[in-house]
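# Structural description and commentary
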Amino acid sequence: LSLGRAVLAVLRGQLSALCWNLTLLSLSLPFPGWRRDSKPRREREQEWDDASPTPTSVNYHFTRQCNYKCGFCFHTAKTSFVLPLEEAKRGLAMLKEAGMEKINFSGGEPFLQDRGEFVGKLVKFCKQELKLPSVSIVSNGSLIRQRWFKMYGEYLDILAISCDSFDEDVNVLIGRGQGKKNHVENLHKLRQWCREYAVAFKINSVINRFNVEEDMNEQIKALNPVRWKVFQCLLIEGENSGEDALREAEKFVISNEDFERFLDRHKDVSCLVPESNEKMRDSYLILDEYMRFLNCRNGRKEPSKSILDVGVEAAIKFSGFDEKMFLTRGGKYVWSKADMKLDW
C-alpha cells in the first residue's frame, strides 16, 4: 500500500506538470484550424475599425410622400416610389439575418400608403414572422384610425407621434396645419388609443426658431410618453437646404446655445431624450424608399447601393454609420413593450 501511494503521488505530479505546459502552449498558439495573423497589431485594429457595423436599429423611410409640409423636413417628397410589399419584406428579412433587432418605419407619412395597410402588414410581418424584439412607427398621427389599432396594434411596440408645439398657431407656422383638424387634440386621442391597445407612446419634437421659447413641461408630463425625443433642427443639403431642395429650413435653424436653453427649461421631464445635430448626423441607420443606406456625413444624403442588389454587408459600408455614437447617445434602450413596465 505504501509503495502504491508513492507511485500515485509521482504520477499526479507528472500529470499536473503536463496540464500546466499544455495551458501555456494553448495561450501561445492559435486554435486548431486558425492561421496565425502575421500583420502588425495596428493594422489588425484598423481592419476591425473598417469592419461592417451591425444594423441593430434601422430606420426605414419607405415613402417620401406626406400630407404635411413641415418647413424643416429632412426627407422630402422627391419621389413617389414605394417598393412592392414582398420586396420590402425580403429586404427586412435580410436585415434581420444581418443582426437587426429594431425596425422603425417612417416617411414621409407612413399611413398615407394604402391608408395604413402597407405599414400595418410590414409591422405584422416583422413581429410575427421575423420575431423582432422591437417594431416602431414615426407618424404625424393625422391619418391613424382606431381600426388600425384593432388590426395591428398587438404587433407594434412603439408609436412615435411628431409634435413640435402645443400652440396650434405655431404648428400652422411650422407646416403641420391641415384645415380644421387640430394637431394637439389628435395627439391626445392617439395617446388614449395607445393605452387601450397596449402600444408604447412616444413623442418626437424638432426644436426650431418658432418653438424654442415654448414651455412644454406641463403638456408632456400630462401625456406621459415613454420617451420624449427632442431634436435640434438639422440642415440637409438637397432636402431642406440648397438649390435642389424642396424646403428652405434656414429660417428654422437655432444655435447650440438656444437648444441648450430649451433643454435646461425641461430638465425635470424624466422621459426627455435630447439629440443635438452632432449626435444625429452619423448615429442613425437610414434606409430610403429603394432600401439604400443614406450617408449624411457630408451634410447631404448620399445613397449606397440597395441592399436588395448587393446585400446588407456591402451596402452598409457606405452608410457613414457611427456605431459608437449610436451607443453613446443611448440608441439601444428597453424598446420591446414586453420588457417595459407601463401603466397602459
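Being a predicted model, the structure only gives us computed values, none of them experimental.

### So, the pattern of salt bridges
A side chain of one charge can pair with a side chain of the opposite charge if their charged atoms are brought near each other. Tallied over the full model, the rule gives 17 salt bridges. In this structure, lysine 229 engages glutamate 275 in a salt bridge whose closest nitrogen and oxygen atoms are separated by 3.4 Å. Highlighted residues: lysine 229 in strand E6 (residues 227-232) and glutamate 275 in strand E7 (residues 272-275), separated in sequence by 46 residues. Classification of glutamate 275 as buried rests on a relative accessible area of 0%. Put simply, Glu213, Asp258, Arg261 and Arg265 are held in one network by salt bridges that share partners.

### Section: unusual backbone geometry
Here the residue pair glycine 107 and glycine 108 is connected by a cis peptide bond, since its omega of 10° sits within 30 degrees of zero. Examined against the element boundaries, glycine 108 turns out to sit in the loop between strand E2 (102-106) and helix H4 (117-129). Positive phi is not limited to glycine here, since asparagine 224 has a value of about 50°. The residue asparagine 224 is located in the loop between helix H8 (217-223) and E6 in this model.

### A look at the nonpolar core
In terms of nonpolar packing, the biggest core is built from 65 residues, with Tyr60, Leu92, Ile103, Phe105 and Trp228 touching the most fellow members. Here this core takes six residues from H4, the largest share from any one element. In this structure phenylalanine 105 touches Tyr60, Phe62, Leu92, Pro110, Val119, Leu122, Val123, Cys126, Val135, Ser136, Ile137 and Val138, once residues within four positions along its chain are discounted. One finds Ile174, Val206, Phe231 and Tyr284 within the second-largest nonpolar core, a separate group that totals 16 residues.

### Quick word on the packing of aromatic side chains
As enumerated under the stated definition, the model contains 15 aromatic pairs in all. A centroid spacing of 5.6 Å and a plane angle of 90° characterise the contact between phenylalanine 72 and phenylalanine 252, whose relative ring orientation is edge-to-face. Here phenylalanine 252 lies in the loop between E6 and helix H9 (256-265) and phenylalanine 72 lies in the loop between strand E1 (57-61) and helix H3 (85-97), a separation of 180 residues in the sequence. For phenylalanine 72, a relative accessible area of 7% gives the class buried. Each member of the aromatic cluster is reached from another via a ring pair, and the members are Phe111, Trp148, Phe149, Tyr152, Trp193 and Tyr197. Sitting above the plane of the tyrosine 333 ring, arginine 227 keeps its charged end 3.6 Å from the centroid. Just above the ring of tyrosine 284 sits the side chain of arginine 329; from NZ or CZ to the centre is 3.8 Å.

### Some words on the pairing of E7
Note on strand geometry: in a regular strand, side chains alternate between the two faces of the sheet. Bridge count between E6 and E7: four bridges; the pairing is parallel. Residue pairing for E7: tryptophan 228 is matched across the bridge by leucine 272. With H9 bridging E6 and its parallel neighbour E7, the resulting β-α-β unit is right-handed.

### Observations regarding the confidence of the model for the chain
Mean pLDDT over the chain stands at 87; residues scoring 70 or higher make up 84%. Here residues 19-38 scores under 50 on pLDDT; set against residues more than four positions off or in separate chains, the count is four contacts.

### Regarding the pairing of E2
Buried residues dominate E2, accounting for five of its five residues. Neither face of E2 is exposed, since Lys102, Asn104 and Ser106 on one face and Ile103 and Phe105 on the opposite face are all buried. In this view, the connection linking E1 to its parallel neighbour E2 by way of H3 has right-handed handedness. Inspection of the sheet shows E2 paired to strand E3 (residues 134-139) by four bridges, in the parallel sense. The residue bridging lysine 102 from the neighbouring strand is serine 134, located in E3. In this view, the connection linking E2 to its parallel neighbour E3 by way of H4 has right-handed handedness.

Reading the values: the criteria
- Residues numbered from 1 in each chain as written.
- Predicted model: local features only at pLDDT ≥ 70, side-chain atom pairs only at ≥ 80, totals over all residues.
- Heavy atoms only, no water.
- Salt bridge = Lys/Arg side-chain N within 4 Å of Asp/Glu carboxyl O.
- Helix = DSSP H or I, 4+ residues; strand = E, 2+ residues; numbered from the N terminus.
- Buried < 20%, exposed > 50% of the residue type's maximum accessible area, 1.4 Å probe, protein only.
- Core = buried A, V, L, I, M, F, W, Y, C linked by side-chain atoms within 4.5 Å.
- Contact = heavy atoms within 4.5 Å.
- Phe/Tyr/Trp six-rings, centres within 6.5 Å; stacked < 30°, edge-to-face > 60°.
- Lys NZ or Arg CZ within 6 Å of the ring centre and 35° of its normal.
- Pairing = 2+ DSSP bridges.
- Right-handed = clockwise from strand over helix to strand, strands pointing away.
- pLDDT = per-residue confidence, 0-100.

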